[in-house]
Amino acid sequence: MDSVIHDVLLVGGGGAGLRAAIAVSETNPGLSVAVVSKVYPMRSHTGAAEGGAAGAVRPEDSLEAHAYDTISGGAWLCDQDAVEAFVEEAPKELIQLEHWGCPWSRQPDGHIATRPFGGMKIERTWYAADKTGFHMLHALFQTTLRYPPITRYDEFFVTRLLVDNGRCQGVVAIELASGRVQTLFAKAVIVCSGGGGKIFPFTTNANIKTGDGMALAYHAGVPLKDMEFVQYHPTGLPFTGILITEAARAEGGWLLNKDGYRYLQDYDLGTPEPKPVKRSMELGPRDRLSQAFVKESQAGRAVSSPYGDVVHLDIRHLGEAEIDKKIPFVRELCLKYQKVDPVHDMIPVRPVVHYMMGGIDTDIQGATALDGLYAAGEVACVNINGANRLGSNSLTELLVFGARAGRAAAQFAAAQPAPSAALIAQAEDEERRLKTEFLDASGPERVAPLRKEMQAAMEAGAGIYRNAEGLNDAVETVNGVRERFQRIGLDDHSRTFNTELVSVLELSSLLDVAGAVLDSALARTESRGAHQRTDYPDRDDDEFLAHSLVYRSDDGAPRVEFKPVTVTKWPPGERVYGRKASDV
Amino acid sequence: MSETLTVPETVILEVFRYRPEVESEPTFDSFEVPFHPEWMILDALNYIKDDLDGSLSYRWACRMGVCGSCGMLANGQPVLTCATYLESLLPGPIRIEPLEGFPVIRDLVGDIGDFMNKLSDVKPWLIRDEEKPVEDGEYLQTPSQLADYKQYSMCINCMLCYSACPVYRLEPEFIGPAAIALAQRYNLDSRDEGAEERMDVLSQHDGIWGCTLVGECTEVCPKGVDPAGAIQRYKVSATMDYFKSLLMPRSSS
Amino acid sequence: MNPGYRLYYPRWYRKRVPIFWWLHKRSYAVFIARELTSVFVVYAVAVVVALVLTLNKGEPAWEAAMSRLSHPLVITAHVLVLFVILFHTITWLNLAPMAIVVKLGDRKVPPTAVLIGHYGAWFACSVVVAWLLLWR
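Keep in mind it's a predicted model, so treat the numbers as computed, not measured.

Rules used in this analysis
- Each chain carries its own residue numbering, running from 1 in the written order of its sequence.
- Both sets of labels track the order of writing: A upward for chains, 1 upward for ligands.
- Since the coordinates come from a predicted model, pLDDT governs what is reported: local features require at least 70, and pairs of side-chain atoms require 80 or more to be given and counted, while whole-chain, interface and lining totals use all residues.
- Hydrogens and waters are ignored; side-chain quantities use all the structure's heavy atoms.
- Under the scheme used here, helices are H or I runs from DSSP no shorter than 4 residues and strands are E runs no shorter than 2 residues, and both carry numbers assigned from the N terminus.
- The rule is simple: take the accessible area with a 1.4 Å probe, protein chains only, and divide by the maximum for that residue type; under 20% is buried, over 50% is exposed, in between is partly exposed.
- We call two residues contacting when some pair of their heavy atoms lies within 4.5 Å.
- Here a Phe, Tyr or Trp ring, Trp counted by its six-membered ring, pairs with any other such ring whose centre lies within 6.5 Å, and the pair is stacked when the planes are under 30 degrees apart, edge-to-face when over 60, and tilted otherwise.
- Two conditions define a charge located above a ring, namely a distance within 6 Å from the ring centre to NZ of Lys or CZ of Arg, and an angle within 35 degrees of the ring normal.
- Helix axes use the C-alpha atoms of the stretch in contact, all axes being lines fitted to C-alpha atoms, and the angles between their N-to-C directions lie in the range 0 to 180 degrees.
- The cut-offs work like this: below 35 degrees is roughly parallel, past 145 is roughly antiparallel, 65 to 115 is roughly perpendicular, and the gaps in between are oblique.
- For any pair of crossing helices, the crossing counts as left-handed if the nearer helix is rotated counterclockwise from the farther one by less than a right angle, and right-handed if it is rotated clockwise.
- When residues are grouped by polarity, Ala, Val, Leu, Ile, Met, Phe, Trp, Tyr, Cys and Pro land in nonpolar, Asp, Glu, Lys and Arg in charged, and all others, Gly among them, in polar.
- By definition here, a helix of n residues has an expected span of 1.5 Å times n minus one.
- Any two strands are treated as partners once DSSP identifies two or more bridges connecting them.
- Values labelled buried area give the accessible surface lost by two parts on being combined, using a 1.4 Å probe and summing over both.
- The salt bridge definition used is simple: a Lys or Arg side-chain nitrogen within 4 Å of an Asp or Glu carboxyl oxygen.
- Polar contacts, as used here, are pairs of N or O atoms within 3.5 Å; protein pairs need one atom able to donate a hydrogen and one able to accept it. Residues neighboring in sequence count only if both atoms are side-chain atoms.

Is there a simple way to think about the overall build of chain A in this case?
Scanning chain A from terminus to terminus reveals 15 helices and 22 strands. Each principal axis of the C-alpha atoms in chain A carries an extent, and together these give about 65 × 55 × 50 Å. Here chain A holds 584 residues, and 69% of them are scored as buried. Taking the intrachain contacts of chain A between residues at least 6 apart in sequence as the baseline, contacts between residues at least 24 apart amount to 74%.

Hey, could you run me through the packing of aromatic side chains in this one?
What characterises a pair of aromatic rings is the spacing of the ring centres plus the angle enclosed by the ring planes. For the structure on display, the rule yields 22 aromatic pairs over all chains. By the ring-pair criterion, three or more aromatic residues cluster together here, those being F16(B), Y18(B), F28(B) and Y13(C). Sitting above the plane of the Y186(B) ring, R185(B) keeps its charged end 4.1 Å from the centroid. Taking the ring centre of W92(C) as reference, the NZ or CZ of R34(C) above it sits at 4.5 Å.

Explain the packing of helix α12 (residues 447–461) of chain A against helix α14 (residues 499–523) of chain A to me, please; I cannot follow it from the model alone.
All names here are of chain A. Orientation of α12 relative to α14, taken along the N-to-C sense of each, is 20 degrees, at an axis distance of 11 Å. Between α12 and α14, the interaxial angle falls into the category roughly parallel. In this structure, α12 meets α14 at a crossing whose hand is left-handed. Touching V447, L450, R451, M454 and M458 of α12 are S503, V504, L507, L510, L511, A514, V517 and L518, all from α14. Looking at side-chain class alone, the contact of α12 with α14 contains eleven nonpolar, one polar and one charged residues.

Can you walk me through helix α9 (residues 227–247) of chain B in this structure?
Since the α-helix turns once every 3.6 residues, residues separated by three or four places project in the same direction. Given a rise of 1.5 Å per residue, 21 residues ought to cover 30 Å, and the 30 Å separating the end C-alpha atoms of α9(B) matches this to within 8%. Within the span of α9(B), buried status applies to P227(B), A228(B), G229(B), A230(B), I231(B), Q232(B), R233(B), Y234(B), K235(B) and A238(B). Residues of α9(B) that are buried in the fold lie against α4 (160–164), α6 (177–187), α7 (195–202) and α8 (216–220) of chain B together with α3 (72–99) of chain C.

Before we go on, may I ask you to explain the sheet that holds strand β1 (residues 10–17) of chain B in this structure?
Whenever strands of a sheet pair, they do so through backbone hydrogen bonds, lying parallel or antiparallel. All names here are of chain B. Ordered by their spatial adjacency, five strands build an open sheet running β2-β1-β5-β3-β4, and the pairing between neighbours is mixed. Strand pairing shows two members of the sheet lacking a second neighbour, β2 (27–34) and β4 (77–80), which therefore form its edges. Taken over all neighbouring pairs, the strand axes of this sheet differ in orientation by 35 degrees on average, direction set aside. Of the strand pairs in this sheet, β1 and strand β5 (residues 94–97) are connected by three bridges, and their pairing is parallel. Opposite L13, over in β5, you have I94 as the bridge partner. Its contacts with the sheet place helix α1 (residues 41–52) against β1, β2, β3 (71–74), β4 and β5, and it is angled at close to 100 degrees to β2.

I keep staring at the interface of chain B and chain A and nothing clicks. Help me out?
Reports often express the size of an interface as the amount of accessible area lost when the parts come together. Tallying the contact residues gives 69 residues for chain B and 68 residues for chain A. Across the chain B to chain A interface the summed buried area is about 5400 Å²; carbon plus sulfur atoms make up 54%. It is R63(B), M64(B) and E138(B) in chain B that bury the most area against chain A; as a group they hold 12% of the surface buried on that side. Joining chain B to chain A, the criterion identifies seven salt bridges. Residue D50(B) is joined to K452(A) by a salt bridge in which the shortest nitrogen-to-oxygen separation is 3.6 Å. Counting only elements with at least two residues in the side of chain B that touches chain A, the list comes to α1, β6 (104–106), α2 (113–121), α3 (143–150) and α6 of chain B. When its residues are assigned to classes, the side of chain B that touches chain A shows 37 nonpolar, 13 polar and 19 charged.

What exactly am I supposed to notice about the interface of chain C and chain B here?
Chain C puts 24 residues into the contact, and the matching count from chain B is 35 residues. Across the chain C to chain B interface the summed buried area is about 2600 Å²; carbon plus sulfur atoms make up 60%. The largest per-residue losses of area from chain C upon contact with chain B belong to W12(C), Y13(C) and M98(C), which jointly make up 26% of the total buried on that side. If you look at where chain C meets chain B, you find three salt bridges. For E100(B), the salt bridge goes to K15(C), with nearest N and O atoms at 3.2 Å. Across the contact surface, chain C and chain B share 15 residue pairs in polar contact (both at pLDDT 80 or more). When contributions to the side of chain C that touches chain B are tallied by element, the ones reaching two or more residues are α1 (26–56) and α3 of chain C. With five residues, the single largest contributor to the side of chain C that touches chain B is α1(C). Residues of the side of chain C that touches chain B, tallied by class, amount to 14 nonpolar, two polar and eight charged.

Such coordinate-based values are descriptive only and should not be taken to indicate function.
Spelled out as structure tokens, the structure:
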């Protein structure tokens, strides 16, 4: 089998992967870097992010304030040492990206502009109109083109990590254009392949967000952390699930129920003011807003639509000029995908699965329990987002932890010997497995029905509000799907750009991720942030101020353990939004 | 909208197929898919793949017009399939083909490697004589300076412009609309100092001078980048630079 | 099974560009028509240059040229040429704002201003040439 060898290998070419690749080259220009992605990097889902990236730069802001907002927003499940490192490096990374050409929006005097965002006391969200992720991704991608040591393997699907002697030493990947299975050795591997929102049927996520990186690490024995925390973004378009950015609310949008009433005031989120008030009402944290929607809907006060219950996002009072200047993409999306002009009409929205706070367990350098394996971005869980991520922290997280993982991996790789030849046998095993279990598979089951059944089970059992019965039902259904998956059959047995093979492999990853989410959700018998259990409605800091860690086992149920959260300066307190509190 | 227009139950898609392991020439497969007014072409393709023929290969990801993966020809027009309603192509049959100008690997998937190389060639990054350290903060840029290049930074690399450009088809060496627009994006960025470096690449015969201003690229661009405008502006500035260097050889450009 | 297929080396399909590619879309046909009008521009310039050179050759040569140009068929043809080069000029002038983007301080000069500037310059030149030919 053909093989190549690099020093550091990135799985995934989105914001975190590209930032890590640059960090490796900057740390040690002599190292060869491989960026292996199942899509061309400019297609990565980072590009769909809209709102902004947080970094404390205003004179009235402080690192402590950013840290406190993040930690309280995360319901105190965040590792505070990681958050402290994160908020400190945030402004520097954002300025570095500006130096690399990112077109941040500006104040009239030429300095960076910031906008308020959900859950943040002070304006600290940098933005590039409302296509921040798009501009960040393209700035990063175009910058990587100037580093000769970075080699790209575009449209290569990684199927397995190569592990020997307790060290990760490379990957096996399929070159999609030809179907050839390739071995890519590396002295360090950084997984930056994004989250797994496609375990749910209704999500802002692109088709490619299938949790492949999480599954890779999971199969290599690395635990997945805090998987039960799935964020529902409060404002997604019905039917498509397309994201309407939080910036629409930050600029002053209102959420109205069927009576035209700003219902968030009934949910301890403050009193309605005509202008947006930070950390209040529509600028509250995402989990509380999504939960408020569910309650409104149960009370029969949501708006009925052909696609289920929705509420209205009203930005008409902002005026056409402001909308076209600050949130033009929102208008474009509404016109195109909802046939609604937000200048004149209200936008129908409902909560939609958006982000996974959980992921591969890493430390604050991005290292996992497996030597030589690092992770950064949405696929990783450091954990700085806790039980609920604040908007605009994720884009910054890509930069900060992408860079940290890159630097750590570069140092590690420089000290390693060449990968061992014994791994070729593992790679050949993998090639055989791919052929017999997938490429040649001709069982009676089909990918699409299995995927849809799993997604429906997840929505029913692991939605915004969960209970033991619903979760157990979902576990049973997903186990059933997994069992039938063994008898999968393909229409396409060819090798050349076989996208059906890709969807089967992605379904395999999705099943792993879904199982991890359900098992973690069952084990955490409390409600915190985005994980709400109607059978355990209270937050339990005595037992559960801890991260869940789920380990894969070959037989039977995976095992779930807990490890305590790192608390440095901020003891757990009450999450207060919209009213004055003594400790805010 | 006329009252006699009835909403059909189904619509036919004629889809380009190319299976190099099975055939040496492409064919067309006909599929009947349900019609929904809110469906885009992409939804119809997904229906085909999920329910009718799992072997149909095509690219897609974001389904919201920002990743640039899903460019294809619909009835001969280059479009983003995630942003084109089936309704706009009624009554059908709707012909779906891969973008022109690129060799077809399989079904609706073309190889864009040529574009990726050209993208690197135009040096699409911020070039400065001296980098300011991060500690010193951001380069100042007024909103007006940002507006100078903003439009050209909106390119999603969907390559509909390459598909529309007859020059690219007839002369594949041509650098092409998106690459030149991206070069302009950096040339016009007030923080950039690399215009001269890019000029060497772009003022070749295959660079801006390959363009004969057909203008189709701007017509099909889904993001309003106006690559044709970018190229013509560049021609004007390149010509002026040339004359300046002739007339005033001693002044630094 | 395609006997031409070699494992892991699929042959990519490259579509041939048909000779009449420009008839497939209206915008392409208009483009080709516009490009062909340059031939007529060259012809018109050649006629003017030839006339200027004839001026040097004295009165009888000039009279001969004039009588040739006054033939009804020639006049008809030249009227057609006039329309063609008007089409050429108008399509190219209309494209001027695309190529010429001027900033005065912080504000961009509106495209209509560029357009009017070009038409105005054309008009002014035509007036000068007409005055030279007809009054002098």
